[in-house]
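In case you want the letters, here they are:
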Amino acid sequence: MSRQFYDFATVTFTQMLTNLIKVLDKAADHAKSQGLDPDAYVEAKLAPDMFPLKLQIQVACVQVNDAITIFTNAGEVVRPGACTDTTLEDLKARMSAALANVASATPESFEGAETRVVDMPLFGTKHLVTDGESMLRDWTFPHFYFAMTTAYDILRHEGVPLGKPDFAAHIGAMIVDRAGAAA
Amino acid sequence: MSTAFILIQSAAPMLRNLAAILDKAEAHAQASGKSADDYVDARLAPDMFNLARQVQFACYGPTAGAGRLIGKLAVPPGDPDATFTAMKTRIAAAVAALEAMNAGDFAGADDRDVVQPMQGTRVLEAKGLAYVRDWLMPNFYFHLVTAYDILRNQGVDLSKRDYLGHIGPMIRDAAVA
């Protein structure tokens, strides 16, 4: 199971972050074609008291980096400072750094991760206390997918032409045309 | 232990949270002198699915997907709901179906060949584990979170606490402990 746990975490993070980087490229192209400033999307949000695009992406990257730190047993998680990103390129660089962090984690470094006890500081005096498998399933994935989806939803709400094939671009490789295959 | 079972362990509690979110939306509508059913057709962009469709697919994806994983035929998703009552009934049925499955039902599912019909003559082909990780999980969360986002965009007062209603027991307060 250890190898499956490693794959489940790292493949998910890698695929979804890679997809979102391409989504930001599409958003930039769309803005330019409309004579708009692409970087205006950085502060776009769905409700006045919701996080804007830049913080959705910061949260996604924090979740990924926390998971890698905890699952590789690499010490204390690092709490990020205020997000100072102002451009789509800044956000892409942030995601690229998270991708590099994921790529640096080997299957061996995840040894025992899914059963190890997790006690991770959150905010204030709050801690997440569970095991690795539960952390990935009940904490990391819900937060990560929340941020991934809401980033996409913000851009759709702003009028960027996107579809499921952008959100889940990685599944293209799993789709076969039976009409072609039968020929 | 089947890793693909993470689908059931994720979707069942998150759909329970979604039902509680719909309850909050109903209370919010009532307090504002509106009908919650006005949210049923709300959407984030003109060419995106409405709330009813997002809820429908959040329920259909994991239940039909789980059926394919354990060798049961998936029935078509049918029509979306027109009322909050119907959406809540749909969610309750999905939760019951998911919670009726156990890890034993998923024995061998990780390595099973799955074929899901897509549009036209196209099919999605994958091993069970990749089917869950790369398709069912992203798709499930997409519809679940977009339902939440639609209601937030409509002004319903919600927070991560509602979205993650089930994880309270995992959060400890060091100042209290």
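Located above this text is the structure these notes cover.
Residues numbered from 1 in each chain as written. Chains lettered and ligands numbered in written order. Predicted model: local features only at pLDDT ≥ 70, side-chain atom pairs only at ≥ 80, totals over all residues. Heavy atoms only, no water.

Considerations on the overall build of chain B
Along the backbone of chain B there are 5 helices and 3 strands. Going from the N terminus to the C terminus, chain B shows its helices and strands as α-α-α-β-β-α-α-β. Relative to its length of 177 residues, chain B is compact, with a C-alpha radius of gyration of 17 Å against a globular reference of 16 Å. Oriented by its inertia axes, the alpha-carbon framework of chain B measures out at about 50 × 50 × 25 Å. Buried positions account for 52% of the 177 residues belonging to chain B. Contacts in chain B between residues at least 24 apart in sequence constitute 69% of all its contacts with a sequence separation of at least 6. (Helix = DSSP H or I, 4+ residues; strand = E, 2+ residues; numbered from the N terminus. Rg over C-alpha atoms; globule rule 2.2 N^0.38 Å. Buried < 20%, exposed > 50% of the residue type's maximum accessible area, 1.4 Å probe, protein only. Contact = heavy atoms within 4.5 Å.)

Thoughts on the packing of helix 1 (residues 6-31) of chain B against helix 4 (residues 128-153) of chain B
A pair of packed helices is captured by two measures, namely the crossing angle of their axes and the spacing between those axes. Residue and element names in this part refer to chain B. Put simply, helix 1 and helix 4 touch, their axes get as near as 11 Å, and they point 10° apart. With respect to helix 4, the axis of helix 1 lies roughly parallel. The segment helix 1 lies against helix 4, with Ile6, Leu7, Ser10, Ala11, Met14, Leu15, Leu18, Ile21, Leu22 and Ala25 engaging Val132, Leu136, Met137, Phe140, Tyr141, Leu144, Ala147, Tyr148 and Leu151. Residue composition of the contact of helix 1 with helix 4, grouped by class: 18 nonpolar, 1 polar and no charged. (Axes fitted to C-alpha atoms, helices over the stretch in contact; angles between N-to-C directions. Parallel < 35°, antiparallel > 145°, perpendicular 65-115°, else oblique. Nonpolar A, V, L, I, M, F, W, Y, C, P; charged D, E, K, R; others polar.)

Details of the environment of Gly159(A)
Mapped onto the fold, Gly159(A) is located in the loop between helix 4 (132-157) and helix 5 (164-167). Between the alpha carbons of Gly159(A) and His30(A) there is a distance of 8.8 Å; along the sequence they are 129 residues apart.

Some details on the environment of Ser32(B)
All names here are of chain B. Examined against the element boundaries, Ser32 turns out to sit in the loop between helix 1 and helix 2 (51-69). By relative accessible area, which is 39% here, Ser32 ends up partly exposed. It is 35 Å that separates the C-alpha atoms of Ser32 and Asp173, two residues lying 141 residues apart in sequence. Among the polar contacts listed, one links the side chain of Ser32 to the backbone oxygen of His28, at a separation of 2.6 Å. (Polar contact = N/O pair within 3.5 Å; in protein donor to acceptor, adjacent residues only side chain to side chain.)

Everything listed here is a matter of geometry and, on its own, says nothing about what the molecule does.
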